[in-house]
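Coordinates in review
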Amino acid sequence: MTETAKTEASTPFSFTPYEEKSGEEYMNEAQLEHFEKILRNWKADLMQEVDRTVHHMQDDAANFPDPNDRATQESEFSLELRTRDRERKLIKKIDEALKEIEAGDYGYCESCGVEIGIRRLEARPTATLCIDCKTLDELREKQMG
């Protein structure tokens, strides 16, 4: 796989990066619209995956006489359901981020209140901590085991 293909495959959503203008206020209307669009598109993509999974499991569900075939199918379904569960949790985070946009709190660290930053939010639109607070959080987590 080429480096470009790896990058594209690992990005769950695509968008045009926001071009900041000189002297522009942080989290102005244009920036909020940019992130709202990213979040809504991402949520729509995840919801399509949920629908695809439901149809796939309904269509491919079969009672295989061979125990190995049954075990393989159950293993595949289990993996797919775990993935959907992670995506369900992500949809919840996306909904929370959309509520923050509506409330005017989006883009600010919930721990210290500083700006999270446009590029960090584009990389992780559901981020609630600035990079410094997130680093401290991860260090604490690592120390606690």
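In what follows, the structure referred to is the one given above.
In what follows, the accompanying structure is described.

The next thing to look at is the layout of surface pockets. Reported here for the largest pocket is a volume of approximately 160 Å³. Lining the largest pocket we find Lys93, Arg120, Arg124, Thr126, Ala127, Thr128, Leu129, Lys134 and Asp137. Across the lining of the largest pocket, the residue classes tally to two nonpolar, two polar and five charged.

Right, let's get into unusual backbone geometry. One non-glycine residue with positive phi stands out, namely Met27, at about 55 degrees. The residue Met27 is located in the loop between helix H1 (3-10) and helix H2 (29-60) in this model. Note on Met27: relative accessible area 8%, which makes it buried.

Further remarks concern helix H3 (residues 67-103). Taking 1.5 Å of rise per residue, 37 residues should cover 54 Å, and H3 covers 54 Å from first to last C-alpha, within 8% of that figure. Of all the residues in H3, the buried ones are Gln73, Phe77, Glu80, Arg84, Glu87, Leu90, Ile91, Ile94, Ala97, Leu98 and Ile101. Looking at the residues trailing H3, positive phi occurs at Gly104, about 85 degrees.

The next thing to look at is the pattern of salt bridges. On inspection of all chains with the given rule, the structure shows nine salt bridges. With a closest N to O distance of 3.0 Å, Arg40 and Glu36 form a salt bridge. Taken together, the residues Arg40 and Glu36, both in helix H2 and four residues apart, mark about one turn of the helix. For Glu36, a relative accessible area of 28% puts it in the partly exposed group.

Rules and cut-offs
- Residues numbered from 1 in each chain as written.
- Predicted model: local features only at pLDDT ≥ 70, side-chain atom pairs only at ≥ 80, totals over all residues.
- Heavy atoms only, no water.
- 1 Å grid on protein atoms, 1.4 Å probe; cavity = no way out; pocket = protein on both sides within 12 Å on 5 of 7 lines; lining within 4 Å.
- Points joined across faces, edges and corners; volume = space filled by probe spheres on them.
- Nonpolar A, V, L, I, M, F, W, Y, C, P; charged D, E, K, R; others polar.
- Helix = DSSP H or I, 4+ residues; strand = E, 2+ residues; numbered from the N terminus.
- Buried < 20%, exposed > 50% of the residue type's maximum accessible area, 1.4 Å probe, protein only.
- Expected span 1.5 Å × (residues − 1).
- Salt bridge = Lys/Arg side-chain N within 4 Å of Asp/Glu carboxyl O.

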